[in-house]
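Spelled out from the first residue to the last, the chains are:
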Amino acid sequence: MPLIGVKAPSATRGPIGSDAVECTEPHREPRGRHRRRSAPMLLLCSAILAQPLVAGPVAAAPAPVPPAPIRPAPVPPLPLDDPYALLAGRTYTSVTVIGGTIPGGGPVVIGFDNAHRVGMDAGCNSHAGSVAVTGDRLRIGRLASTMMACPPPRADADEWLARFTSVPLVWRVFGPILTLSSPVHTVILLEDR
């Protein structure tokens, strides 16, 4: 039976102390001095095989670091008594208007404070008013605004905003996205961070 890690026997034997060590399965040899050599040779082979195959201390491989778990962004709980809490303290800027364009290109910027008031701008004057939320309906009260004159086509942005907010709007929040829909337009807004 061949021994692992030891050079296979060859036809020529090197002197003791040479780099080549031969170990073989014990076999019967004629009686005499050859038989006396097999026991010391087996002891030598056993001593060699008992030594570690790698000299020196063996460094353990570092344990793999598991990847950080992917966690979804926390979703605030839906307030049952006041849905306005989802909007309070947030400001949104429009990224798309479906059903037409804002004169002058907008964008619409809407900020909701903690006292059920809203501040708005569509590219010309600033507007402020009260806001009430009932279910999926958002109603903006009468707006007060600055009286700055804007060059065309931005001059018509204030009238567009007044018409858009004159009816109850259907609102939806999807993470950082707010949609406000009138019977004519849907404005998609992204929360300012």
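Residues numbered from 1 in each chain as written. Predicted model: local features only at pLDDT ≥ 70, side-chain atom pairs only at ≥ 80, totals over all residues. Heavy atoms only, no water.

A. Representation of the overall build of the chain within the structure. The number of helices and strands found in the chain is two helices and nine strands. When contacts within the chain are restricted to residue pairs at least 6 apart in sequence, long-range pairs at least 24 apart make up 46% of them. (Helix = DSSP H or I, 4+ residues; strand = E, 2+ residues; numbered from the N terminus. Contact = heavy atoms within 4.5 Å.)

B. Layout of the pattern of salt bridges. Evaluation of the coordinates by the stated rule reveals five salt bridges. The partner of E159 in a salt bridge is R163, with the nearest N and O atoms 2.9 Å apart. In this pair, E159 and R163 both sit in helix 2 (residues 157–164), four residues apart, roughly one turn of the helix. Given the relative accessible area of 49%, R163 is considered partly exposed. (Salt bridge = Lys/Arg side-chain N within 4 Å of Asp/Glu carboxyl O. Buried < 20%, exposed > 50% of the residue type's maximum accessible area, 1.4 Å probe, protein only.)

C. Broad picture of the confidence of the model for the chain. Mean pLDDT over the chain works out to 77, with 61% of the residues at or above the 70 mark. When mean pLDDT is compared element by element in the chain, strand 2 (residues 109–112) scores highest at 96, while helix 1 (residues 33–50) scores lowest at 58. Every residue in residues 5–21 is under pLDDT 50, and counting partners more than four places away or in other chains gives 15 contacts. (pLDDT = per-residue confidence, 0-100.)

D. Structural context of the side chain of S181. Relative to the elements of secondary structure, S181 occurs in strand 8 (residues 177–181). Within the structure, the side chain of S181 is placed 3.0 Å from the side chain of T186, a separation counted as a polar contact. Residues contacting S181, with those up to four places away along its chain left out, are P168, L169, V170 and T186. (Polar contact = N/O pair within 3.5 Å; in protein donor to acceptor, adjacent residues only side chain to side chain.)

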